[in-house]
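Inside the fold
So the chains spell out like this:
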Amino acid sequence: MSRARKPAAAQADQRKSMERLLAEHEEHRKLVGKNFVHRGSGDSYQLLALAHTESGNELVAVYCLNALSRLKFTRPIAEFLDRFEEGLGIKQETE
């Protein structure tokens, strides 16, 4: 069974330039090291790093749950920013 390969020009078009990769990284760099609250659960997470996927060069957030920092997660940065908000992650009880 033979798989058809995309022409080299089509593959090159999908890749981002180094300048674009650096610009995306720089745009979100100030968020690294900050705490974020998950909008649904209220749990506290920390954004550890930014990375790009090898296929597609998508910018992803590398983050961990503050209560269990050994486990690392990745999520596209746009999705991360939709689901998390900057904050300390302290749940406040209302009376």
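Our structure's up above, just so we're on the same page.
These notes cover the structure that comes with them. What you are looking at is a predicted structure, and each value in this text was computed from that prediction instead of being measured.

1. Observations concerning the pattern of salt bridges
For the structure shown, the criterion picks out seven salt bridges. The closest approach of N and O atoms between Glu85 and Arg39, which form a salt bridge, is 3.8 Å. With a gap of 46 residues between them, Glu85 in strand E5 (residues 84–86) and Arg39 in the loop between strand E1 (35–38) and strand E2 (44–52) connect regions that are remote in the sequence. One salt bridge connects Arg83 with Glu79, and the closest N-O pair in it is separated by 2.7 Å. In this pair, Arg83 and Glu79 are both assigned in helix H3 (residues 77–83), four residues apart and thus about one turn of the helix distant. Through salt bridges with shared partners, a single ionic network connects Lys16, Arg20 and Glu24.

2. What about the packing of aromatic side chains?
Enumeration over the complete set of coordinates arrives at seven aromatic pairs. On the basis of an interplanar angle of 70° and a centroid distance of 5.1 Å, the ring pair of Phe36 and Phe80 is categorised as edge-to-face. A residue pair is termed long-range when its members are at least 10 positions apart, and Phe36 in strand E1 and Phe80 in helix H3 qualify at 44 residues. For the pair Phe36 and Phe80, one class covers both residues: buried.

Parameters at a glance
- Residues numbered from 1 in each chain as written.
- Predicted model: local features only at pLDDT ≥ 70, side-chain atom pairs only at ≥ 80, totals over all residues.
- Heavy atoms only, no water.
- Salt bridge = Lys/Arg side-chain N within 4 Å of Asp/Glu carboxyl O.
- Helix = DSSP H or I, 4+ residues; strand = E, 2+ residues; numbered from the N terminus.
- Phe/Tyr/Trp six-rings, centres within 6.5 Å; stacked < 30°, edge-to-face > 60°.
- Buried < 20%, exposed > 50% of the residue type's maximum accessible area, 1.4 Å probe, protein only.

Keep in mind these numbers describe shape, not what the thing actually does.
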